Amino acid sequence: MAVPDSVLRRFATSAQRTSRLDGESMALLAEMDDGVGRLRAVLEELGLERNTLLIFTSDNGPWLAQKDIAGSSGHLRDGKGTTFEGGVRVPALFLWPGT
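Conventions we followed
- Along each chain, the written sequence defines residue order, and numbers are assigned to residues from 1.
- Only residues with pLDDT of 70 or above have their local features reported here, since the model is predicted, and side-chain atom pairs are shown and tallied only from 80 upward, although totals for entire chains, interfaces and linings are computed over all residues.
- With hydrogens and water set aside, each side-chain value is computed from the structure's full complement of heavy atoms.
- What we call a nonpolar core is a set of buried Ala, Val, Leu, Ile, Met, Phe, Trp, Tyr and Cys residues that are connected through their side-chain atoms within 4.5 Å.
- Burial classes follow relative accessibility: with a 1.4 Å probe on protein chains only, a residue under 20% of its type's maximum area counts as buried, one over 50% as exposed, and anything between as partly exposed.
- Put simply, DSSP marks the helices as runs of H or I at least four residues long and the strands as runs of E at least two long, and each gets a number from the N terminus on.
- We call two residues in contact when some of their heavy atoms are within 4.5 Å.
- One fewer than the residue count of a helix, multiplied by 1.5 Å, yields its expected span.
- Any carboxyl oxygen of Asp or Glu that lies within 4 Å of a side-chain nitrogen of Lys or Arg is treated as forming a salt bridge with it.
- A pair of aromatic rings is counted whenever rings of Phe, Tyr or Trp (Trp by its six-membered ring) have centres within 6.5 Å, and the orientation is called stacked for planes under 30 degrees apart, edge-to-face for over 60 and tilted otherwise.
- Our definition puts a charge over a ring when NZ of Lys or CZ of Arg is within 6 Å of the ring centre and also within 35 degrees of the ring normal.
- Here a polar contact means two N or O atoms within 3.5 Å. Within protein one must be a hydrogen donor candidate and the other an acceptor candidate, and residues neighboring in sequence count only if both atoms are side-chain atoms.
- Residue-level confidence of the predictor is what pLDDT reports, using numbers from 0 through 100.

Turning to the nonpolar core, a few remarks are in order. A general tendency of soluble globular proteins is for nonpolar side chains to be buried together. Val3, Val7, Phe11, Met26, Ala27 and Ala30 form the largest nonpolar core, which has six residues in total. With three residues, helix α2 (residues 23-45) is the largest single contributor of residues to this core. Beyond its immediate stretch of four places on either side in the chain, Val3 contacts Leu8, Ala27 and Leu28.

This is the structure we're talking about:
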């Protein structure tokens, strides 16, 4: 996912960074959040929000070969490309207001 420069600039200062997320990661999350908000607004405008199931998910596990920038599987063993829990469990969020 590409993040526009205008969004990157919102998170450019070190004061807005946390120990876990750098400015680019925060900008990526903000851009995704803004996009989801726009999608939900259009669904509401069209009267489809109660008949639409939104599913958000991730690919499987962190890419451990990338070391520090790949993320973590926490207490789960291993990561992407394995059949251990750290490689196959994925986060997911389902939103279906009409149910």
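Next comes the rest of the account.
Right, let's get into unusual backbone geometry. Positive phi, close to 70°, is recorded for Asp78, a residue that is not glycine. Following the sequence through the fold, Asp78 ends up in the loop between β1 (54-57) and α3 (85-88).

Turning next to α2. With 23 residues, α2 extends 33 Å from end C-alpha to end C-alpha; this agrees with the ideal 33 Å at 1.5 Å per step. Those residues of α2 that sit buried are Gly23, Met26, Ala27, Ala30, Glu31 and Leu43. On its buried face, α2 is in contact with α1 (5-10) and β1.

Glancing now at the pattern of salt bridges. Tallied over the entire structure, the rule returns one salt bridge. Salt-bridge contacts for Arg89 lead to Glu85; the nearest nitrogen and oxygen are separated by 2.5 Å.

Taken as a whole and assessed by the stated rule, the structure comprises zero aromatic pairs. Seen from the ring of Phe84, Arg77 lies directly overhead, with NZ or CZ sitting 3.7 Å from the centre.

In this structure, Val90 sits in the loop between α3 and β2 (92-95). Among the residues examined, Val90 registers a relative accessible area of 39% and is labelled partly exposed. Measuring from C-alpha to C-alpha, the distance between Val90 and Ser73 comes to 9.9 Å, with 17 residues separating the pair along the chain. Apart from the residues within four sequence positions on either side, Val90 is in contact with Thr57, Ser58, Asp59 and Asn60.

As for its position among the elements, Ser73 is in the loop between β1 and α3. By relative accessible area, which is 16% here, Ser73 ends up buried. In terms of polar contacts, Ser73 uses its side chain to reach the backbone carbonyl oxygen of Leu76, at 2.9 Å. A polar contact of 2.9 Å, which involves the side chain of Ser73, links it to the backbone oxygen of Asp78. In this structure, Ser73 is in contact with Pro62, Asp78 and Gly86, ignoring residues within four places of it in sequence.

Our focus in this paragraph is the confidence of the model for the protein. Detailed reading of the predicted model is not advised wherever pLDDT is low. Here the protein averages 83 in pLDDT, and 90% of its residues register 70 or above. When mean pLDDT is compared element by element in the protein, β2 scores highest at 92, while α1 scores lowest at 80.

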